[in-house]
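Letter by letter, the chains look like this.
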Amino acid sequence: MKWGQTIALALVVASMAWPATAADHYWECTKSDGVRYWDASQCDKGDHAVKVNKANQTALTDAKSTAANPEVCPANPGDCALPGYGVEADSPRAYAIAVFMRKKQCELMKRFPERCAKPR
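What counts and how
Residues numbered from 1 in each chain as written. Predicted model: local features only at pLDDT ≥ 70, side-chain atom pairs only at ≥ 80, totals over all residues. Heavy atoms only, no water. Helix = DSSP H or I, 4+ residues; strand = E, 2+ residues; numbered from the N terminus. Buried < 20%, exposed > 50% of the residue type's maximum accessible area, 1.4 Å probe, protein only. Contact = heavy atoms within 4.5 Å. Areas by Shrake-Rupley, 256 points an atom, 1.4 Å probe, with all protein chains shown as cover. Salt bridge = Lys/Arg side-chain N within 4 Å of Asp/Glu carboxyl O. Polar contact = N/O pair within 3.5 Å; in protein donor to acceptor, adjacent residues only side chain to side chain. Pairing = 2+ DSSP bridges. Axes fitted to C-alpha atoms, helices over the stretch in contact; angles between N-to-C directions. Core = buried A, V, L, I, M, F, W, Y, C linked by side-chain atoms within 4.5 Å. Disulfide = S-S within 2.5 Å.

Moving on to the overall build of the protein chain. The number of helices and strands found in the protein chain is two helices and three strands. Each helix and strand of the protein chain, ordered N terminal to C terminal, gives the series α-β-β-β-α. Here the protein chain holds 120 residues, and 16% of them are scored as buried. Sequence separation of at least 24 residues holds for 44% of the intrachain contacts in the protein chain that already meet a minimum separation of 6. Entry remark: accessible area of the protein chain is about 9,800 Å², with carbon and sulfur atoms responsible for 59%.

Have a look at this one:
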């Protein structure tokens, strides 16, 4: 075999093996404002990064799953009865997004009232 063919064959074999070695982990990233996201390659600069192996992965559960969750429950349950769900926004786009999210929060609160119960 010529050197060119040997190098080409080695590159083909390496490219087939790359997905098998690269797919064994992913990065769990947290931005400075607390937003979490997952990335297959690397976290953005300045974000907190944790490498998670897929083989040893455990289910990501919220430690406070029984407590009220402000992300999925409306901040003021009385807003659900108001027209437009009590949303005020600067632009029509922001208003539409906020109404959609508040509507989903209110639906969740009606369907699972114990999920949004305030701790005493």
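Summed over all chains, the structure comprises three salt bridges. A salt bridge links aspartate 79 to arginine 102, with the nearest nitrogen and oxygen atoms 3.1 Å apart. You can see aspartate 79 sitting in the loop between strand S3 (48-53) and helix H2 (92-111) and its partner arginine 102 sitting in helix H2, a full 23 residues away along the chain. In this structure, glutamate 107 and lysine 104 form a salt bridge, with 3.7 Å as the shortest nitrogen-oxygen distance. Here glutamate 107 pairs with lysine 104, and both are found in helix H2, just three residues apart, close to one helical turn.

On to the environment of glutamate 28. You can see glutamate 28 is positioned in strand S1 (residues 25-30). At a separation of 2.7 Å, a polar atom in the side chain of glutamate 28 contacts the side chain of arginine 36.

As summarised here, the arrangement of the three strands in space is S2-S1-S3, forming an open sheet in which the pairing is antiparallel. The outermost strands of the open sheet, each flanked by one partner alone, are strand S2 (36-39) and S3. In this sheet, neighbouring strand axes are inclined to one another by 25° on average, regardless of whether the strands run parallel or antiparallel. As paired elements, S1 and S3 share six bridges and run antiparallel to each other. Residue pairing across strands places glutamate 28 opposite valine 50, the latter belonging to S3.

We now examine the nonpolar core. Residues Cys73, Cys80, Cys106, Met109 and Cys116 constitute the largest nonpolar core, which totals five residues. Residues in contact with methionine 109, not counting those within four places in the same chain, are Pro74, Pro77, Cys80 and Cys116.

Okay, unusual backbone geometry next. The backbone phi angle of tyrosine 85 is positive, close to 55°, even though this residue is not glycine. In this fold, tyrosine 85 is placed in the loop between S3 and H2.

Quick look at the state of the cysteines now. What the rule picks out here adds up to three disulfides. Residue pairing for cysteine 80: its cysteine sulfur links by disulfide to cysteine 106, the two sulfurs lying 2.0 Å apart. Looking down the S-S bond of the cysteine 80 and cysteine 106 bridge, the torsion is -90°, so its handedness is left-handed. In this pair, cysteine 80 sits in the loop between S3 and H2 while cysteine 106 sits in helix H2, placing the two residues 26 residues apart along the sequence.

In this section: the environment of tyrosine 85. Using a relative accessible area of 22% as the deciding quantity, one classes tyrosine 85 as partly exposed. Residues tyrosine 85 and proline 74, spaced 11 residues apart in sequence, show a C-alpha to C-alpha distance of 9.8 Å. Setting aside chain neighbours within four positions, we find tyrosine 85 in contact with Asp79, Cys80, Val99, Arg102, Lys103 and Cys106.

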